[in-house]
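Each chain, letter by letter, is given below.
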Amino acid sequence: MRDNCTDYRQLFLNDVAMMDMRAPVEFTKGAFPNVINLPLMNDLERQKVGTCYKHHGQQAAIALGHQLVSGQLKDQRIAAWAAFARANPEGYLYCFRGGLRSQIAQQWLKTDVGIHYPKVVGGYKAMRNFLLHTTEQAVAECDFVLIGGFTGTGKTHVLQRLDNAVDLEGHANHRGSSFGKRATGQPTQIDFENHLAIDVLKKRARGVEQFVLEDEGRIVGSCTLPLELYQGMQRYPLVWLEDSFDNRVERILGDYVIDLSAEFVALHGDEHGLRLFAQRLTQSMANILKRLGGERYQRLSALLEQALQEQLRSAAVDLHRAWICGLLNEYYDPMYAYHRDSKAERIEFAGNQREVLEYLRARAVRT
């Protein structure tokens, strides 16, 4: 018979399967990887029990809960829990604090189907606090270096080739710029923070004590970086990635046009997907209207519209280079040049992708 679990570190390092007994509304706000929501009560049932608790106390609320989840409904939920337990014999269950809902689920599993299934002591709240502390601890104890560079230099491509990199944009499912929205949407803030912490935890378990991050703003799309990490990024050393203008244009064309349109098509089909893609790019340009200024916005928007019409008509993407070049020359490059100059004292190396990769790998060995 396995004991209840208090070793949160091993749960996340080993990707242990868990079932979350919280109501769907709680689960949707934030959860953990490798977890399935098999709630004791659905949202409406939880709301009724909560109201009863406020007005009539705990015993009345418990009695109402047993009344609401009874008979065939109770049997169905126990059957789902039992199926999960049999499929995941090394797993655990949990609720918000590891309290009443976990205890009831354990009791019903034991009484009705003879399964002893352990819970996570402290539940969701304890595991969440553990992950928040994991990130805080890494910031306090580890070495960090940032990759900067003009738009389109391939900073993410470099990160993906490093064993000690943490891809903040990857965890946020966003490319970080005004045009960075993916077709698949972003995680909740809690899910973003949880995945980030688990990534750091696993890398530290492998011996990584120096992390490479992309130089980001505080917000990546709708996801906000942990404050202690962002504050650290204002002083971490910087490695500057360089590439030719033409290479950057081609990379942006690949990421923001060819790949993004393919994402939309895969999700929504050819015709509808391409139209949604066109709407996304048009909206992305509109989002920076004030920063571009009226004349420049009208000119670049016209080039974008021509390129989108041609892409919808013939699938050709060549015309997109015109607005990409204009946006780089007139908007992104001057802005990034200013940021580079403001951080010049922190830049410890500059080079192309090969040189930066070699430098960062050697740096990790030296540290």
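Residues numbered from 1 in each chain as written. Predicted model: local features only at pLDDT ≥ 70, side-chain atom pairs only at ≥ 80, totals over all residues. Heavy atoms only, no water.

- The chain carries the name tRNA 2-selenouridine synthase in an unreviewed UniProt entry, which gives Pseudomonas tructae as its organism.
- Heading Subunit (unreviewed entry) of the UniProt record for the chain holds this comment: "Monomer."
- Of the comments in the UniProt record for the chain, the one headed Sequence similarities (unreviewed entry) reads "Belongs to the SelU family." (UniProt positions renumbered as here; feature names shortened; annotations may be inferred.)

1. Comments concerning the UniProt feature "domain: Rhodanese" (unreviewed entry) in the chain
- As recorded in UniProt, the feature "domain: Rhodanese" (unreviewed entry) lies at residues 12-136.
- Here residues 12-136 runs as 62% helix and 7% strand, with 17 Å between its end C-alpha atoms. (Helix = DSSP H or I, 4+ residues; strand = E, 2+ residues; numbered from the N terminus.)

2. With respect to the domain arrangement of the chain
- Domain boundaries assigned for the chain yield domain 1 (8-128) and domain 2 (142-366).
- One C-alpha centre belongs to domain 1, the other to domain 2; they are set 39 Å apart.
- The interface is formed by twelve residues belonging to domain 1 together with ten residues belonging to domain 2.
- Overall, the association of domain 1 and domain 2 removes approximately 980 Å² of surface from exposure, summing both partners, and the carbon and sulfur fraction of that is 58%. (Domains from an automatic or database assignment. Contact = heavy atoms within 4.5 Å. Buried area = accessible area lost by both parts, 1.4 Å probe.)

3. Digging into the packing of helix H12 (residues 245-268) against helix H16 (residues 320-342)
- It is at 10 Å that the axes of H12 and H16 come closest, and there the two elements cross at 115°. Our classification of the angle between H12 and H16 gives roughly perpendicular. Pair H12 / H16 crosses with right-handed handedness. Packed against H12, whose contacting residues are Phe-245, Arg-248, Val-249, Glu-250, Ile-252, Leu-253 and Val-257, the element H16 presents His-320, Arg-321, Trp-323, Ile-324, Cys-325, Leu-328, Asn-329 and Asp-333 at the interface.
- Of the residues belonging to the contact of H12 with H16, the class tally is nine nonpolar, two polar and four charged. (Axes fitted to C-alpha atoms, helices over the stretch in contact; angles between N-to-C directions. Parallel < 35°, antiparallel > 145°, perpendicular 65-115°, else oblique. Left-handed = near helix turned anticlockwise from the far one by under 90°. Nonpolar A, V, L, I, M, F, W, Y, C, P; charged D, E, K, R; others polar.)

4. Digging into the UniProt feature "active site" (unreviewed entry) in the chain
- Per the UniProt record, "active site" (unreviewed entry) is found at Cys-95.
- Topologically, Cys-95 is positioned in the loop between strand S3 (92-94) and helix H6 (100-113).
- Residue classification places Cys-95 among the buried positions, given a relative accessible area of 2%.
- Filtering out sequence-adjacent residues up to four positions away, Cys-95 remains in contact with Met-21, Arg-22, Arg-101, Ser-102, Gly-123 and Tyr-124. (Buried < 20%, exposed > 50% of the residue type's maximum accessible area, 1.4 Å probe, protein only.)

5. Section: the sheet that holds strand S9 (residues 347-351)
- Strands sit in the order S5-S4-S8-S9 across an open sheet of four strands; the sheet is parallel. The open sheet has two edge strands with one neighbour each: strand S5 (210-214) and S9. In this sheet, adjacent strand axes meet at a mean angle of 25° when their direction is disregarded.
- Both strand S4 (residues 143-149) and S5 contribute to a ladder of five bridges, which runs parallel. (Pairing = 2+ DSSP bridges.)

6. Here's the deal with H6
- In a regular helix each residue adds 1.5 Å, so 14 residues correspond to 20 Å; H6 covers 19 Å between its end C-alpha atoms and thus fits that length.
- Arg-101, Ser-102, Ile-104, Ala-105, Gln-106, Trp-108 and Leu-109 are the residues of H6 that are buried.
- If you follow the buried residues of H6, they end up packed against strand S1 (18-20), helix H2 (24-29), helix H3 (43-56), helix H4 (58-68), helix H5 (71-87) and S3.
- Once H6 ends, the next one or two residues include Gly-114, with phi positive near 70°. (Expected span 1.5 Å × (residues − 1).)

7. A look at the side chain of Arg-175
- Here Arg-175 is to be found in the loop between helix H9 (168-172) and helix H10 (189-205).
- Look at Arg-175: it is buried, it has no salt bridge, and the nearest opposite charge is Glu-263 at 4.0 Å.
- Within the local environment of Arg-175, its side chain forms a polar contact with the backbone oxygen of Asp-255, the two atoms lying 3.3 Å apart. (Lys, Arg positive; Asp, Glu negative; His and termini not counted. Salt bridge = Lys/Arg side-chain N within 4 Å of Asp/Glu carboxyl O. Polar contact = N/O pair within 3.5 Å; in protein donor to acceptor, adjacent residues only side chain to side chain.)

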